[in-house]
Amino acid sequence: MGFRESLTSVDGMKITASRSKNLARLPAHVAIVPDGNGRWAERRGLPRLEGHRAGGKNMRTMVEYLNEYQVKCVTLYGFSTENWGRPKEEISGLFRILKERIDGDVPKLHKKNVKVRHLGRIGELPEWLQESIRGAEKWTENNTGLTLSLAFNYGGHVEIVDAARRIAADGVPPEKIDEKLFSSYLYTAGLPDVDLLVRTADEVRLSNFLIWQTAYSEYYFTKVLWPDFGKKDIDQALLAYSQRERRFGALL
Ligand code: IPE
Ligand code: MG
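A. Seen up close, unusual backbone geometry. Backbone geometry places Asn-153, a non-glycine residue, at a positive phi of 60°. For Asn-153, a relative accessible area of 0% gives the class buried. One non-glycine residue, Asp-202, adopts positive backbone phi at about 65°.

Written out as structure tokens, the structure is:
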């Protein structure tokens, strides 16, 4: 089946315009594991950090494009609790690149009404980076457009541990703890669960990302390396999503 045919019927709706922005169903929350920066650089004979730099630049482009689609929430995995195991030059490079992107991109995202929030253990990051992240959150806190969540020093296991600790510290009686309450103690409190999880660079795993919030997500994996991941790749991921049948364990 060619690309045209694949566009013709989605949930009974006719979609004719190629790369249509009128997909039958859009995810409210797209989470992305932007993988492959290192390989992108190595293939060009560049230092790995150049791959991270290119990948970092691609983030705003992709967020703005998802905003054009009117996706409401985008979450990006920038640095995992496991990434501390990388060489310290790479780690400090990743921190610097995040700061550069915040300085360069948040003003532009702010103009587009994007609200920035951070997910993860911010207190373990260098002070100057904490300030930069908190500054971006504060500056954009009243924005009402797309919510961009930056998972930086994020781990799904520690997120659940942190939630459990806070529930205990608040003295919540055991019988009051249900899924709704638990969710409200996660870093993602207030965000909808992830509808679509995208991972680039041919890795087919979750890597401790949003493990609670992706329980019923649709997964989209691609071989494309993150710095090369572009608008047509987003189009494809959203099209694939719109064609999936989601039953949430029920018989519909
Ligand atoms: C993803 O790129 C970015 C981060 C984890 C920060 P990688 O650095 O994992 O790239 P590869 O997997 O080595 O190509
Ligand atoms: Mg990788």
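B. Quick look at the packing of aromatic side chains. Here the structure, examined in full by the defined rule, presents 14 aromatic pairs. Between Tyr-77 and Tyr-154, the aromatic rings sit 5.9 Å apart at their centres with planes inclined by 80°, giving edge-to-face as the arrangement. Placement of Tyr-77 in strand E4 (residues 73-80) and of Tyr-154 in strand E6 (residues 147-154) is noted, with a sequence separation of 77 residues between them. Arranged with centres 5.3 Å apart and planes meeting at 85°, the rings of Phe-79 and Trp-84 form a pair that is edge-to-face. Given the relative accessible area of 0%, Phe-79 is considered buried. Members of the aromatic cluster, each reached through a chain of ring pairs, are Tyr-77, Tyr-154, Tyr-187 and Phe-209. For the cation-ring pair, Arg-25 lies above Tyr-241, with the distance from its terminal atom to the ring centre recorded as 5.2 Å.

C. Broad picture of the pairing of strand E8 (residues 218-221). Burial of the side chains of E8 is restricted to one face: Glu-218 and Tyr-220 are buried, whereas none of Tyr-219 and Phe-221 on the reverse face is. Here 4 bridges tie strand E7 (residues 196-199) to E8, and the two strands are oriented parallel to one another. Paired with Leu-196 across the bridge in E8 is Glu-218.

D. Representation of the nonpolar core within the structure. Counting 27 residues, the largest nonpolar core has Leu-66, Val-74, Leu-148, Leu-196, Val-198 and Ile-234 as its most contacted members. Among the secondary structure elements, those contributing two or more residues to this core are strand E3 (29-33), helix H3 (48-68), E4, E7 and helix H8 (231-243). Apart from residues lying up to four places away in sequence, Ile-234 is in contact with Met-62, Tyr-65, Leu-66, Tyr-69 and Phe-229. Counting 15 residues, the second largest nonpolar core, distinct from the first, contains Ile-91, Phe-95, Leu-125 and Leu-129.

E. The pattern of salt bridges, seen in detail. Tallied over the entire structure, the rule returns 25 salt bridges. Across the pair Asp-35 and Arg-199 runs a salt bridge, and its minimum N-O distance is 2.9 Å. Here Asp-35, found in the loop between E3 and helix H2 (37-43), pairs with Arg-199, found in strand E7; they are 164 residues apart in sequence, far enough to count as distant. Among the ionic pairs, Asp-202 bridges to Lys-223, the shortest N-O distance being 3.6 Å.

F. Main features of the environment of Ser-80. Counting through the fold element by element, Ser-80 comes out in strand E4. In this structure the C-alpha to C-alpha distance between Ser-80 and Gly-120, which are 40 residues apart in sequence, comes to 8.6 Å.

G. Region of interest: the site of ligand 1. Around ligand 1, the surrounding shell consists of Pro-34, Asp-35, Gly-36, Asn-37, Gly-38, Arg-39, Arg-48, His-52, Gly-78, Asn-83, Arg-86 and Leu-94. A distance of 2.9 Å separates an oxygen atom of ligand 1 from a polar backbone atom of Gly-38. A distance of 2.7 Å is found between an oxygen atom of ligand 1 and a side-chain nitrogen or oxygen belonging to Arg-39. Bound to the protein, ligand 1 loses 84% of the 380 Å² it would expose on its own. It is H2 that provides the largest number of residues to the shell around ligand 1, a total of 3 residues. Here the residues of the shell around ligand 1 sort into 2 nonpolar, 6 polar and 4 charged.

H. Region of the structure containing the sheet that holds E3. The strand order across the open sheet formed by 6 strands is E5-E6-E4-E3-E7-E8, and the pairing between neighbours is parallel. Two strands in the sheet have a free side with no partner beyond their single neighbour: strand E5 (115-119) and E8. Geometrically, the sheet is characterised by an average inter-axis angle of 20° between neighbouring strands, direction not taken into account. Strand direction decides the pairing type here: E3 and E4, joined by 4 bridges, are parallel. Across the sheet, the residue bridging to Val-30 is Val-74, located in E4. Contacting E4, E5 and E6, helix H4 (residues 88-111) runs over the sheet at an angle of about 165° to E6. Packing against the sheet, helix H5 (residues 127-140) makes contact with E5 and E6, and its axis sits at approximately 140° to E5.

Conventions adopted
- Residues numbered from 1 in each chain as written.
- Chains lettered and ligands numbered in written order.
- Predicted model: local features only at pLDDT ≥ 70, side-chain atom pairs only at ≥ 80, totals over all residues.
- Heavy atoms only, no water.
- Buried < 20%, exposed > 50% of the residue type's maximum accessible area, 1.4 Å probe, protein only.
- Phe/Tyr/Trp six-rings, centres within 6.5 Å; stacked < 30°, edge-to-face > 60°.
- Helix = DSSP H or I, 4+ residues; strand = E, 2+ residues; numbered from the N terminus.
- Lys NZ or Arg CZ within 6 Å of the ring centre and 35° of its normal.
- Pairing = 2+ DSSP bridges.
- Core = buried A, V, L, I, M, F, W, Y, C linked by side-chain atoms within 4.5 Å.
- Contact = heavy atoms within 4.5 Å.
- Salt bridge = Lys/Arg side-chain N within 4 Å of Asp/Glu carboxyl O.
- Near = heavy atom within 4 Å.
- Polar contact = N/O pair within 3.5 Å; in protein donor to acceptor, adjacent residues only side chain to side chain.
- Areas by Shrake-Rupley, 256 points an atom, 1.4 Å probe, with all protein chains shown as cover.
- Nonpolar A, V, L, I, M, F, W, Y, C, P; charged D, E, K, R; others polar.
- Axes fitted to C-alpha atoms, helices over the stretch in contact; angles between N-to-C directions.

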